[in-house]
Amino acid sequence: MIRFIVSACLVGFNCKYSGGNNYMPELEEAFKKGLLLPLCPEQLGGLATPRPPAKIEKGEGLDVIKGNARVLTVKGKQKDVTKNFIKGAEETLFAAEKLKDNLVACILKEKSPSCGVKYIYKFEEDTLKRGRGVTAALLEEKGFKIISSDDVEKIEKLLKEFL
Ligand code: SF4
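In this report, the structure presented in the accompanying data block is examined.

Here we come to the overall build of the protein chain. A tally of helices and strands in the protein chain yields six helices and eight strands. Moving toward the C terminus, one meets the helices and strands of the protein chain in the order β-α-β-α-β-α-β-α-β-β-β-α-β-α. Against the compact-globule benchmark of 15 Å for 163 residues, the protein chain has a radius of gyration of 15 Å, which places it among compact chains. For the protein chain, the C-alpha atoms occupy an extent of roughly 45 × 30 × 25 Å along the three principal directions. Taken over 163 residues, the protein chain has a buried fraction of 48%. Within the protein chain, counting contacts between residues at least 6 apart in sequence, those at least 24 apart form 61% of the total. For the protein chain, the accessible surface area stands at approximately 8,400 Å², while carbon and sulfur atoms represent 50% of it. Of the side chains in the protein chain, 28 bear a positive and 23 a negative charge, and the two mean positions are spaced by 3 Å.

Structure below.
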């Protein structure tokens, strides 16, 4: 039974903007046992892989959802991908709503403009600021528990209950 939604790159899908992944061996057993639903909001939002990296221009994920901030690509010709990021967040929320009776939490890749739970990158420079990605913000605002991929101990403890 599915108990967790996870950022797809964390279980080895090559859905990162660069075409790579952020594989976490700690999730492998739970994935094999069918406890995890891997989703990539940026792909669900219609973006290609590989794709140019993007950042939230100001504020954080909730500001994007409220229409007060944009998501823009930061390499090559600047493109507004706000709609894709919002669509991806809404599609992920759609899955979470379907699974909510059994869903424990969403384990999301830290620092991503979609999935970041505690930190995202500043628009102007490659340093971090407090804030959530667009999908993380929407899920949390709708009452779903979000857990950072950096909280490895917490994740292992939670998963253990179901393995
Ligand atoms: S961090 Fe989120 S949006 Fe980025 S590749 Fe992983 S699953 Fe996709």
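Having seen the structure, we can now continue with the description.
Further remarks concern a nonpolar patch on the surface. Judged by side-chain polarity, Y119, Y121 and L128 come together as a nonpolar surface patch covering roughly 230 Å² of accessible area. Within the element layout of this structure, L128 appears in strand β7 (residues 128-130). The class for L128 is partly exposed, based on a relative accessible area of 33%.

Here the focus is the nonpolar core. By size, the foremost hydrophobic cluster in this structure holds 27 residues, and its most contacted members are I5, V71, C106, L108 and L139. If you list the elements that add at least two residues to this core, you get β3 (54-56), α4 (82-99), β5 (105-108) and α5 (134-141). No other element matches the six residues that α4 contributes to this core. Setting aside its immediate chain neighbours within four residues, C106 contacts I5, L139, F144, K145, I146 and I147. Counting residues in hydrophobic clusters, the runner-up holds 19 residues, among them C9, C15, L36 and A105.

Counted under the stated rule, the structure contains two aromatic pairs. Plain terms: the ring middles of F4 and F162 are 5.8 Å apart, the flat faces sit at 85 degrees to each other, and that makes the pair edge-to-face. Here the residue F4 occupies a position in strand β1 (residues 4-7), and F162 occupies one in the segment after α6 (152-160), the gap between them amounting to 158 residues. A residue is classified by how much of its surface remains accessible, and F162, at 26% relative accessible area, is partly exposed. The ring of Y119 has R130 lying over it, and the distance from NZ or CZ to the ring centre is 5.0 Å.

To continue, consider α4. In this model α4 runs 26 Å from its N-terminal to its C-terminal C-alpha over 18 residues, within 8% of the 26 Å that 1.5 Å per residue would give. Among the residues making up α4, those that are buried are T82, N84, F85, G88, A89, T92, L93, A95, A96 and L99.

All right, on to the site of the ligand then. Of all residues adjacent to the ligand, which total 14 residues, the nearest are C9, C15, C40, E42 and C115. Here the shell around the ligand is built from residues that sort into seven nonpolar, three polar and four charged.

As a further point, take the state of the cysteines. This model, assessed by the stated rule, comprises zero disulfides. The thiol of C15 is not disulfide-bonded; the next cysteine sulfur, from C40, is found 3.9 Å away.

Attention shifts here to the environment of S114. In this structure, S114 sits in the loop between β5 and β6 (119-121). Distance in space between the C-alpha atoms of S114 and E29 is 25 Å, their sequence separation being 85 residues. Each residue touching S114, except ones within four places of it in the same chain, is listed here: P41, E42, F85, G133, V134, T135 and A136.

What counts and what doesn't
Residues numbered from 1 in each chain as written. Predicted model: local features only at pLDDT ≥ 70, side-chain atom pairs only at ≥ 80, totals over all residues. Heavy atoms only, no water. Helix = DSSP H or I, 4+ residues; strand = E, 2+ residues; numbered from the N terminus. Rg over C-alpha atoms; globule rule 2.2 N^0.38 Å. Buried < 20%, exposed > 50% of the residue type's maximum accessible area, 1.4 Å probe, protein only. Contact = heavy atoms within 4.5 Å. Areas by Shrake-Rupley, 256 points an atom, 1.4 Å probe, with all protein chains shown as cover. Lys, Arg positive; Asp, Glu negative; His and termini not counted. Charge placed at Lys NZ, Arg CZ, Asp CG, Glu CD. Patch = residues over 30% accessible without salt bridge, like charges linked within 9 Å, V, L, I, M, F, W, Y side chains within 5 Å. Salt bridge = Lys/Arg side-chain N within 4 Å of Asp/Glu carboxyl O. Core = buried A, V, L, I, M, F, W, Y, C linked by side-chain atoms within 4.5 Å. Phe/Tyr/Trp six-rings, centres within 6.5 Å; stacked < 30°, edge-to-face > 60°. Lys NZ or Arg CZ within 6 Å of the ring centre and 35° of its normal. Expected span 1.5 Å × (residues − 1). Near = heavy atom within 4 Å. Nonpolar A, V, L, I, M, F, W, Y, C, P; charged D, E, K, R; others polar. Disulfide = S-S within 2.5 Å.

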